[in-house]
2 protein chains.
Amino acid sequence: MPPIRYDVVDMSEAELEAEQQLYGGLADSVRALADASLRTTVPGAVVEEVTEEIEKLAARLAGDQIEDSFGVSLTTSGTVRAYGNTVVGLRNPVAPPLRIQRSGAGRAWAEFRLGALYEGPPGMVHGGVAALVLDQVLGEAAADGGSPGMTGTLTLRYVANTPLGACGAAAWIDRVEGVKTIVKGELRDGEGTTTVEAEGIFILPRWAREAMVEREERPPRFE
Amino acid sequence: MPPIRYDVVDMSEAELEAEQQLYGGLADSVRALADASLRTTVPGAVVEEVTEEIEKLAARLAGDQIEDSFGVSLTTSGTVRAYGNTVVGLRNPVAPPLRIQRSGAGRAWAEFRLGALYEGPPGMVHGGVAALVLDQVLGEAAADGGSPGMTGTLTLRYVANTPLGACGAAAWIDRVEGVKTIVKGELRDGEGTTTVEAEGIFILPRWAREAMVEREERPPRFE
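Residues numbered from 1 in each chain as written. Chains lettered and ligands numbered in written order. Predicted model: local features only at pLDDT ≥ 70, side-chain atom pairs only at ≥ 80, totals over all residues. Heavy atoms only, no water.

Participant: Pulling in residues and values, what's your account of the overall build of chain A?
Facilitator: Within chain A, the regular secondary structure consists of four helices and nine strands. Going from N to C terminus, chain A has its helices and strands arranged as β-α-α-β-β-β-β-α-β-β-β-β-α. Considering only C-alpha atoms, chain A reaches an extent of 60 × 45 × 30 Å along its principal axes. A burial count over chain A gives 57% of its 223 residues as buried. For chain A, contacts bridging at least 24 residues in sequence account for 63% of all contacts bridging at least 6. Per element, the accessible surface of chain A, about 9500 Å² overall, is 47% carbon and sulfur. In chain A, 21 side chains carry a positive charge and 33 a negative one; their mean positions are 5 Å apart. (Helix = DSSP H or I, 4+ residues; strand = E, 2+ residues; numbered from the N terminus. Buried < 20%, exposed > 50% of the residue type's maximum accessible area, 1.4 Å probe, protein only. Contact = heavy atoms within 4.5 Å. Areas by Shrake-Rupley, 256 points an atom, 1.4 Å probe, with all protein chains shown as cover. Lys, Arg positive; Asp, Glu negative; His and termini not counted. Charge placed at Lys NZ, Arg CZ, Asp CG, Glu CD.)

Participant: Explain the relation of the copies chain B and chain A to me, and be specific about the residues and the numbers.
Facilitator: Mapping chain B onto chain A is achieved by rotating through 180 degrees and translating by 0.0 Å along the same axis, at an RMSD of 0.0 Å. Such a combination of turn and shift is consistent with a two-fold rotation axis. Using C-alpha coordinates, one finds that chain B approaches the rotation axis most closely at Thr155(B), a distance of 2.1 Å. Most of the interface of chain B is mirrored in chain A, where 100% of its interface residues again form contacts. (Least-squares fit on C-alpha atoms with pLDDT ≥ 70 in both.)

Participant: How would you sum up the sheet that holds strand S1 (residues 7–9) of chain B? Please name residues and give values.
Facilitator: Residues and elements named next belong to chain B. Taken in spatial order, the three strands of this open sheet run S1-S2-S3, and their pairing is mixed. Two strands close off the open sheet at either side, each with one partner strand: S1 and strand S3 (80–81). Where S1 and strand S2 (residues 73–75) come together, three bridges link them in parallel fashion. Each bridged residue has a counterpart across the sheet, and for Asp 7 the counterpart in S2 is Ser 73. (Pairing = 2+ DSSP bridges.)

Participant: Tell me what's going on with the interface of chain B and chain A, and back it up with residues and numbers.
Facilitator: At the interface, 81 residues of chain B touch 81 residues of chain A. Surface buried jointly by chain B and chain A totals about 7300 Å² across both partners, of which 64% is contributed by carbon and sulfur atoms. Contact with chain A buries area across many residues of chain B, yet Leu38(B), Arg39(B) and Leu61(B) alone supply 9% of it, more than any other trio. Where chain B packs against chain A, one counts two salt bridges. Its salt-bridge partner being Glu49(A), residue Arg60(B) comes within 2.8 Å of it at the nearest N-O pair. The interface formed by chain B and chain A holds 44 residue pairs in polar contact (both at pLDDT 80 or more) in total. Looking at the side of chain B that touches chain A, the elements with two or more residues in it are helix H1 (13–39), helix H2 (44–62), helix H3 (127–144) and strand S6 (150–158) of chain B. Its residues placed into classes, the side of chain B that touches chain A shows 41 nonpolar, 25 polar and 15 charged. Sheet analysis places strand S6 (residues 150–158) of chain A next to S6(B), joined by five bridges and oriented antiparallel. By the bridge assignment for S6(B), Thr155(A) is matched with Thr155(B). (Buried area = accessible area lost by both parts, 1.4 Å probe. Salt bridge = Lys/Arg side-chain N within 4 Å of Asp/Glu carboxyl O. Polar contact = N/O pair within 3.5 Å; in protein donor to acceptor, adjacent residues only side chain to side chain. Nonpolar A, V, L, I, M, F, W, Y, C, P; charged D, E, K, R; others polar.)

These figures capture arrangement, not role.
Written out as structure tokens, the structure is:
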């Protein structure tokens, strides 16, 4: 497995905030459009007109763009710019996005809303979306405890359906065994009932361990 | 767990095709916009202008819409309309969407592309996205074998990173044990290498089993 590259971007806190406001606003508008495009019942002629307008706007934005994916970069002040991340990415309209909080001692959690775009069985959160969210929250708990890593295994136990709407997720380090960090977590519905239980094993790749030893430091977060 | 409700919609094949073309086109345009919004490097003033235009289009579509989520309905000819599904939903811009094929004997597979919107580690598919996709493909394999069910447990083993780009997924029924169907599957990268292995246990809920006995028939697919 080749090393993963993190660019370091020289930007001030004010520049970072302005960037997040600008592109966060754009992503929010696309999220609202995605939700409306799924639920709309306007006449077909209007749908066709709107589709054409959307195509024009997409072409306008794509007129100048990065070649591949957004990647993950670090600002000189240490903020992680994982804007393309499918769960937490500020600039990614597919992401709800989650704002994950951390205890500083191996615990991570978030409150969020999963609407019509995250449906599996009628009116319920897609089981795979529960897995998507929990993978990220468990990984952040591992990183928060000083044991970042790539997901090795992830096991999900679905104990009840999760209705669409308000949700919560939390994860905590259960134990560390050498290069493996075992993390547990859960998804909760709007009433606080646990609906999905998760256990993940996060493993620090060899190249990252070697880089840590060389630089006598901890590696950057993976997210 | 309350029964899940499926509406039956009376529509011809021609109406279904027209509907899929209209709304599929809309969703495709929003997918392109989402990708462009993540990767764009146009000037900030243009981003602000485009954001305003998108907000107007979203409001236009939302002017008349269904109240909650899309749900899952069946047409009188037996086609499943799961347009809001996060993995396969034709009308859901969050969905890649996957077009899953079935053998008729407990096997399901799909070839698809995961671009910048599905990123976790830089240049790589998010581990949770792999889980999201596999949950759906495994569930469809269970249903294809005549043993539909809700996900009970899902276990994922990440054996290598999956680069963004062309991907494949496949799943097959390993064995059936009473109301439990055990399904195995895998995600593959563009070169056909297995990157994630999955095992899922799908369980037919009690209300569906009772409905089957009452109606002397097999329950509808869950997706």
